[in-house]
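Fold and geometry: a report
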Amino acid sequence: MTKHKIWDPFVRIFHWSLVGLFTANALIVDEESWIHEWVGYGVATLVGLRILWGLVGPHHARFSSFTPKPHDVTEQISDIATRRRRTHIGHTPLGALMIFNLLLTLIGISASGYMMTTNAFWGVEWVEEVHEVLVTWAEISIVLHIAAVLFESWRTGVNLPRAMVTGTKSVPDDIRLS
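Per chain, residues are indexed from 1 in the order of the written sequence. Local features in this predicted model are restricted to residues of pLDDT 70 or higher, and side-chain atom pairs are both shown and tallied only at a pLDDT of 80 or more, whereas totals for entire chains, interfaces and linings draw on every residue. Values shown for side chains rest on all heavy atoms present in the structure; no hydrogens or waters enter the calculation.

A word on a negative patch on the surface. Residues enter patches when they are more than 30% accessible in relative terms and free of salt bridges; like-charged ones are connected within 9 Å and nonpolar ones (Val, Leu, Ile, Met, Phe, Trp, Tyr) within 5 Å. Method for areas: the Shrake-Rupley scheme with a 1.4 Å probe, in which residue coverage is limited to the protein chains shown. Think of a salt bridge as a Lys or Arg side-chain nitrogen and an Asp or Glu carboxyl oxygen that are within 4 Å of each other. None of His or the chain ends enter the tally, which takes Lys and Arg as positive and Asp and Glu as negative. In plain terms, the charge of a residue is placed at NZ if it is Lys, CZ if Arg, CG if Asp and CD if Glu. Together, D30, E31, E32, E125, E128, E129 and E132 make up a region of like negative charge exposed at the surface. Looking at the element boundaries, E31 is found in the loop between α1 (9-28) and α2 (34-56). Categorising residues by exposure relies on relative accessible area from a 1.4 Å probe, with only protein chains included: less than 20% of the type maximum marks a residue as buried, more than 50% marks it as exposed, and the intermediate range marks it as partly exposed. Judged by its relative accessible area of 56%, E31 falls in the exposed class. Each helix corresponds to a stretch of at least 4 residues labelled H or I by DSSP, and each strand to a stretch of at least 2 residues labelled E; elements are numbered beginning at the N terminus.

Look at R83: it is not a glycine, yet its phi comes out positive at around 60°. Topologically, R83 is positioned in the loop between α4 (70-81) and β2 (86-87).

Turning next to a nonpolar patch on the surface. Taken together, the side chains of L49, I51, L52, L55, V56, L104 and I107 present a nonpolar region at the surface, about 640 Å² in accessible area. The element that contributes the greatest number of residues to the nonpolar patch is α2, accounting for 5 residues. Note on placement: L55 falls in helix α2.

A few words now on the nonpolar core. We define a nonpolar core as any set of buried Ala, Val, Leu, Ile, Met, Phe, Trp, Tyr and Cys residues linked to one another through side-chain atoms lying within 4.5 Å. Within the largest apolar cluster, 14 residues are counted, with the highest numbers of intra-cluster contacts made by L18, L103 and L106. Within the residue set of this core, elements represented by two or more residues are α1, α2, α3 (63-66) and α5 (93-115). Ranked by residue count, the leading element in this core is α5, at 5 residues. It only takes one pair of heavy atoms within 4.5 Å for two residues to be counted as in contact. Setting aside chain neighbours within four positions, we find L18 in contact with T23, V43, L46 and L106. Core analysis: the next-biggest nonpolar cluster, separate from the first, contains 7 residues, I6, V11, A61 and M164 among them.

Right, let's get into the pattern of salt bridges. Scanning the model with the defined rule gives 4 salt bridges in all. Taking the shortest distance from any N to any O, the salt bridge between R86 and E75 comes out at 3.7 Å. Here E75 lies in helix α4 and R86 lies in strand β2, a separation of 11 residues in the sequence. Across the salt bridge formed by D79 and R84, the nearest N and O atoms sit 2.5 Å from each other. With relative accessibility at 2%, the residue D79 sits in the buried group. Judged by its relative accessible area of 33%, R84 is partly exposed.

Helix length check: helix α6 (residues 125-156), at 32 residues, gives a terminal C-alpha distance of 46 Å against a target of 46 Å (1.5 Å per residue), a fit within 8%. Of all the positions in α6, only V127, H131, A138, S141, E152, S153, R155 and T156 are classed as buried. G157 occupies a position one or two residues after α6 and carries a positive phi of about 80°. A helix is expected to span 1.5 Å multiplied by its residue count minus one.

With respect to the helices, strands and loops of the structure, G95 is situated in helix α5. Residue classification places G95 among the partly exposed positions, given a relative accessible area of 24%. Considered as a pair, G95 and P68 are 27 residues apart in the sequence and their alpha carbons are 9.3 Å apart.

With that settled, the discussion passes to the pairing of strand β3 (residues 168-171). Judged by which residues are buried, β3 turns out to be covered on both faces: T168 and S170 on one side and K169 and V171 on the other are all buried. By definition, two strands form a pair when at least two bridges between them are found by DSSP. Bridge analysis of strand β1 (residues 2-5) against β3 gives 4 bridges, and the strand direction is antiparallel. Considered in β3, the bridge of T2 is made with V171.

Here it is, written out as structure tokens:
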């Protein structure tokens, strides 16, 4: 087993804080309450900080280090289809696409949520519908993300949830790195 220090404390704190805040707003907090609004501002703040960190943070946190090319995506899909055990030190190409999907979706949720608090868009039906559709899309994406993390952990032998807690990926010696 080879250990690779990958995820810095900011990325890990961001990830788990976002999990907590999104879960709270989606499943626990009354959507009509002021708490829902402030948790939403917390999510928006986290996303803004993550975007900044994606530009200036350490190597594996930077968007430039994991923005996938179409070939990278098809290669990962091919690895899965042919049961080839290969992993990436940082984010996988499909994982990177999910990150961009979730960040953009959360920006849309935050923007539409904020719009609903303004005089110009208070009670405007399409804004509320956009907000609800994006929340549903985020929930679907999160379920797919969790399933993919569990599948990739099983397929490659790399415990991805542990890596997001500890910051260190433990890669079996018999697995090829991309």
